[in-house]
Amino acid sequence: MKTFRFVLSLSITLALGIALNTKIGAIPPLGKFLSPFHGFWQNAENEAIDITSSSIENDLIDSVNVHFDDLLIPHVFASNETDLFFTQGYITAYHRLWQMEFQLYSAAGRLAELLGPQVGNTSIVDIDRQMRRIGLKHGAQKSEELFKKEEPEIYAMIEAYTNGVNAYIESLSYADLPIEYKLLDYKPEPWTTLKCFLLISNMNNMLSRGEKDLEHTNALKKWGRETFEILYPERPDKVDPVIPSGTSYDFEPIIVEMPEVDFPLEFTDPIIDAPNPDNGSNSFVVNGNKTANGKVILANEPDLSLNLPSIWYVMQLNAPGINVMGATLPGGPGVIIGYNDSIAWGNTNAKRDLVDWYYIQFKDESREEYLYNGNWVPTKKVVEEIKARGSFSYYDTIIYTHHGPVVYDRNFNSSRSEITNLAMKWTAHEGSKEIKALYLGNKAKNYDEFVEAFTYFSGPPQNYSFASTNGDIALWINGKFPVKWEEQGKFLMDGSNIDHDWKTYMPSSHNLHVKNPPQNFVSSANQHAADSLYPYYQYDYNYEHYRGRRINDRLRVLDNIEVQDMMDLQHDNFNYNASEALPMMLDSLDSASFTDLEWKYYNKLKGWDYFAKPDIDAPSIYESWWRRLNAKLWDEIDSSDVRVYRPNWYNTVFILKTSPDFFMIDNQSTDVIESAGDLFRLTFKETINALEEYLSKEGNSLMWFEYKNTTIRHLLRINPFSKSTVKIGGYRSIVNAASSSHGPSWRMIVELGDGEVNAWGVYPGSQSGNPGNPKYGHMIDDWATGEYYKMLFRPSISATDEDIKHSITLKKSK
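Residues numbered from 1 in each chain as written. Predicted model: local features only at pLDDT ≥ 70, side-chain atom pairs only at ≥ 80, totals over all residues. Heavy atoms only, no water.

Peer 1: Could you give an account of the overall build of the protein, naming the residues involved and the relevant values?
Peer 2: Each helix and strand counted, the protein has 23 helices and 30 strands in total. Computed over the C-alpha atoms, the radius of gyration of the protein is 28 Å, within 12% of the 28 Å expected from 2.2 N^0.38 for a compact globule of 814 residues. On the principal axes, the C-alpha backbone points of the protein span a range of 80 × 75 × 65 Å. Counting the 814 residues in the protein, one finds 60% classified as buried. For the protein, the exposed surface amounts to about 32,100 Å²; the carbon and sulfur share of it is 49%. (Helix = DSSP H or I, 4+ residues; strand = E, 2+ residues; numbered from the N terminus. Rg over C-alpha atoms; globule rule 2.2 N^0.38 Å. Buried < 20%, exposed > 50% of the residue type's maximum accessible area, 1.4 Å probe, protein only. Areas by Shrake-Rupley, 256 points an atom, 1.4 Å probe, with all protein chains shown as cover.)

So, in structure tokens, the structure goes:
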């Protein structure tokens, strides 16, 4: 029988290998894919790490030692920086090659080359067209040109990184390729220096492209100024800004006069996908006056998409003049968030409106000229070829003006739009030097050197928190910020009017910052940057209103702080939104008429302490009720004939408390005019009915972690390569911001003092991106429960150290 089964299995495998040796539709060529010598079997690894020492032709100057600890973190020790960054590229590619390349296919607008023109109902060609039209590659090319011209030494470092990636690619056979290449049936192409710059453009796309200018224009035209200000106030009460309130500024600001301006209030229908509005972070630092041992402690966590392979890759990089460790971005040199022998730094997204839209008037159908300042000015046309696998090439003509690319035009627009030609002005379109800022920041030894390094950082703008072994703490908001008059760029602007142009940028010395404040801590969580004393106009549609207040509330009362306290604060599950909304909602209910079932739900909410712990029901009940309440409340917005958007949660609570008869509170689906209380009572009953129906299905539970289902999802959305129902609390707008697919992507705590640096870290994934690796995703459960790993960080490491599990040497070929 065993012999028969073997022969049958072999026969099937041979038949498939002969019959299906080419890709058919979405199916990879199964002959290669199923081959036990070359196919997916080769991706199953018995050992967590199997890389061996290698000889490298031409690129290395000297030998480089790489030591891997138990977490598979590589500690790279080189005798010079060229070899250091070459090896960073080589080792990163070993663990993350497919991820590095795939994410930049997306940023470059090239997904159709891999996936074909359409997947299900989704047009991949249109996704690629959008990425080309918003100009990510355009900005990356300008940055590369800038480095070639002005920063040849640092550009050589980028070339070394690129050479390292390519050396690893060249070492691969089909059998060695990551499994995703086999599933999609393609091979890695050579890495280029442009891709390192495109990685920065991609971060800009995630973190600085968010805006609602066109939606604002629609809302203002549809409802008028009074309603607009109720829905979208610029500065609500209870703002607890990044820079402490009352901070004074000792510089003369640049003044731009607000012109007599009429915004072109035309209805538009924005269709390009917006970045995730939850993209953000938490960072906070306490000085020795607040800690138990007198040392400073820095905590940082970027809240981004929860993906496998993970966004971050942790490394130590050591060469003469540099010894740095922390989270790197696969695809680019240096450390993004981390520490060295003297300092530590973290960052959060600095909310600022850096994208403006301009209405463009072309002279005629040829679009060769557009109106600007009373003159017809030439345009530039770029024809983009979008190749679609197994199909055709699509050619898209993009018009460039001095404002930027015309994203919306007759060829790329919604059929509902009354206006077609809209140009996009964005700081990310301009050449910038973020890689230089990171390079110098990685080597900085003190506050002054750190500040100087990040004057070169243009975007995406970040709140950089800082700590040093000498006890300094600080926070700088770094980025390239246009000087704007009030409300400039908040609405669609007239592209022909020179008064609507950006005139100049703020000097970096005018960027918001604070050093060693009297409160003995600094923090940022994507909230307003400063109070009204700051002399420059600052605006963003998406400030965070809860996490920053909770962090500051805790830091103000905590003393004798230890590392564990900072870890606990990163995992704080207090739902500030619920604490401000739920009492009002419960008080509106008519308990005299409750059924037993309604009493059951009411009591669960009434007894809740507002902490969204993973193993209780109340957060699930509240989230369901809050979601239904918002749907009923903002039905005028959701069903609007033009694109607008709901007010944020904080302002929703404010409107319900202060304006219970606001006209939008009325439910349009009924003949009765409802008040806020009516909506609370109606949606409470609807919530109970919906949850009871949900519970009637086998396996469903209201346990919070099961209900919200935090999932660390593979980039290709392959379920066996993903991990779902992670047992973690928190939610969006909670310090522990773990929602269903978004949350803390890297948690880091660094303690500095007495000449020592100690660090702890964890993230929801693993160093290896291979689903066949025994350590694939191994940190997820510890990340969820609040466990951290002590980071191994020393000025020298030996292969014989007990903390080292594997070592290799890269040598120059003789």
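Now, onward.
Peer 1: I'd love a proper account of the packing of aromatic side chains, names of residues and values included.
Peer 2: Inspection of every chain in the model, using the stated rule, returns 51 aromatic pairs. An aromatic cluster is defined as three or more aromatic residues linked by ring pairs; in this entry it consists of Tyr546, Phe574, Tyr576, Trp608, Tyr610, Phe611, Tyr622, Trp626, Trp649 and Tyr650. The ring centre of tryptophan 760 lies 5.5 Å from the NZ or CZ of lysine 790, which sits over that ring. (Phe/Tyr/Trp six-rings, centres within 6.5 Å; stacked < 30°, edge-to-face > 60°. Lys NZ or Arg CZ within 6 Å of the ring centre and 35° of its normal.)

Peer 1: A description of the nonpolar core should follow, citing residues and the corresponding values.
Peer 2: Counting 248 residues, the largest nonpolar core has Tyr339, Trp357 and Met791 as the members making the most contacts within it. The greatest single-element share of this core, amounting to 14 residues, is contributed by helix 3 (residues 81–107). Leave out the neighbours within four places in its chain, and tyrosine 339 touches Asn323, Val324, Met325, Ala344, Trp345, Met748, Val750, Val757, Ala759, Met791 and Phe793. (Core = buried A, V, L, I, M, F, W, Y, C linked by side-chain atoms within 4.5 Å. Contact = heavy atoms within 4.5 Å.)

Peer 1: Now, about the side chain of asparagine 651: what can you tell me, with residues and values included?
Peer 2: For asparagine 651, the location among the structural elements is in helix 20 (residues 649–658). Those residues in contact with asparagine 651, other than ones at most four positions away along the chain, are Ile230, Leu231, Tyr232 and Pro233.

Peer 1: Could you give an account of the environment of aspartate 176, with specific residues and numbers?
Peer 2: Along the chain, aspartate 176 turns up in the loop between helix 7 (152–170) and helix 8 (179–184). Of the residues examined, aspartate 176 reaches a relative accessible area of 42% and is grouped as partly exposed. Remark: the alpha-carbon pair of aspartate 176 and proline 117, spanning 59 residues in sequence, is separated by 28 Å.

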